[in-house]
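Structure assessment
Single-letter residue listing:
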Amino acid sequence: LTCRGLVSSAGRPREDSWLKSLFVRKVDPRKDAHSNLLAKRETSSLYKLQIHNVKPECLEAYNKLCQEVLPKIHEEKHYPCALVGTWNTWYGEQDQAVHLWRYEGGYPALNEVMNKLRQNKEFTEFRKERGNMLLSRKNQLLLEFSFWNEPVPREGPNIYELRSYQLRPGTMIEWGNYWARAIRFRQDNNEAVGGFFSQIGQLYMVHHLWAYKDLQTREDIRNAAWHKPGWDELVYYTVPLIQEMESRIMIPLKISPLQ
């Protein structure tokens, strides 16, 4: 309880000098919205994460439909939107599809794309056919952390891990402050793809996206981080901020820019 009190973002009269030195940059949660303090300021990109639970007998048909239709629609130059990655979950919840989109221009770009898609007959038919294959679906609108890598296309083959964290309300600033330093421990092998936090949908959600050649490479890279001075301390202070966490190992579809 004593340690938890030291790192709380609630009102505190003082901070010890050793704690101040832990942060790469320190932000005061009382002065601005989390999105302004933590997100990239040089871009105005908004991300949408879609998770579809597919009927087991329909997954192959679902993938084929997406690979036929999505590139034709979302590579259209008049849509300010790009597919960042699309995957099937390999380990984690089964028969699941995960899509990540970028809207360049924020909420106005999202609205523009949605309005155009409502008038797109091919997309309307696609959604109707796709809907018959689904058990459930959900989405979130996300911003990217300022200190994370930009998610750009990469060559494969790779497997991807989406690590999702449900944080305790009021701790997003602390998470950002710790990970602004922690991300530097995970850059040696080019495994860091992108880091995001939710704006709409399930709130106080953080998603870290990693790429590895295979599961053994993932294990080796993660184990190596523990031998770097300072990594264990950062993990120690971020764990109390988490309510729930989930790991998905994912395989990209052929149309995914992240291979």
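Throughout what follows, the structure given in this document is the object of discussion. (Residues numbered from 1 in each chain as written. Predicted model: local features only at pLDDT ≥ 70, side-chain atom pairs only at ≥ 80, totals over all residues. Heavy atoms only, no water.)

**What about the environment of Gln187?**
- One can find Gln187 in the loop between α7 (172-182) and β6 (192-200).
- On the basis of relative accessible area, Gln187 is assigned to the partly exposed category, the value being 31%.
- Here the alpha-carbon distance between Gln187 and Asn149, two residues 38 residues apart in the chain, equals 9.3 Å.
- Setting aside residues up to four positions removed in sequence, Gln187 forms contacts with Asn149 and Ala192.
- A distance of 2.8 Å separates polar atoms of two side chains, one belonging to Gln187 and the other to Asn149. (Helix = DSSP H or I, 4+ residues; strand = E, 2+ residues; numbered from the N terminus. Buried < 20%, exposed > 50% of the residue type's maximum accessible area, 1.4 Å probe, protein only. Contact = heavy atoms within 4.5 Å. Polar contact = N/O pair within 3.5 Å; in protein donor to acceptor, adjacent residues only side chain to side chain.)

**Regarding unusual backbone geometry**
- Residues Gly156 and Pro157 are joined by a peptide bond in cis, for which omega reads 5 degrees.
- Its identity as a non-glycine residue notwithstanding, Asp95 has a phi of 55 degrees, on the positive side.
- The residue Asp95 is located in the loop between β2 (81-91) and β3 (96-104) in this model.
- Despite not being glycine, Asn190 has its phi angle at roughly 60 degrees, a positive value.
- Using a relative accessible area of 47% as the deciding quantity, one classes Asn190 as partly exposed.

**Considerations on the packing of helix α4 (residues 59-74) against helix α6 (residues 121-131)**
- The contact between α4 and α6 brings their axes to 11 Å, and the two run at 160 degrees. With respect to each other, α4 and α6 are oriented roughly antiparallel. The element α4 and its partner α6 pack so that their crossing is left-handed. The segment α4 lies against α6, with Tyr62, Leu65, Cys66, Val69, Leu70, Lys72, Ile73 and His74 engaging Glu122, Phe123, Phe126, Glu129 and Arg130.
- In terms of residue class, the contact of α4 with α6 is made up of 8 nonpolar, 1 polar and 4 charged. (Axes fitted to C-alpha atoms, helices over the stretch in contact; angles between N-to-C directions. Parallel < 35°, antiparallel > 145°, perpendicular 65-115°, else oblique. Left-handed = near helix turned anticlockwise from the far one by under 90°. Nonpolar A, V, L, I, M, F, W, Y, C, P; charged D, E, K, R; others polar.)

**Focus: the nonpolar core**
- Ranked by internal contacts, the top residues of the largest apolar core, which has 57 residues, are Tyr103, Phe145, Trp148, Trp175, Trp179, Phe197 and Val206.
- Core analysis: the next-biggest nonpolar cluster, separate from the first, contains 16 residues, Leu49, Val98, Leu162 and Val193 among them. (Core = buried A, V, L, I, M, F, W, Y, C linked by side-chain atoms within 4.5 Å.)

**Topic: the pairing of strand β8 (residues 242-252)**
- Bridge count for β2 against β8 is 4 bridges, and the pairing is antiparallel. Bridge pairing in β8 places Tyr91 opposite Ile249. (Pairing = 2+ DSSP bridges.)

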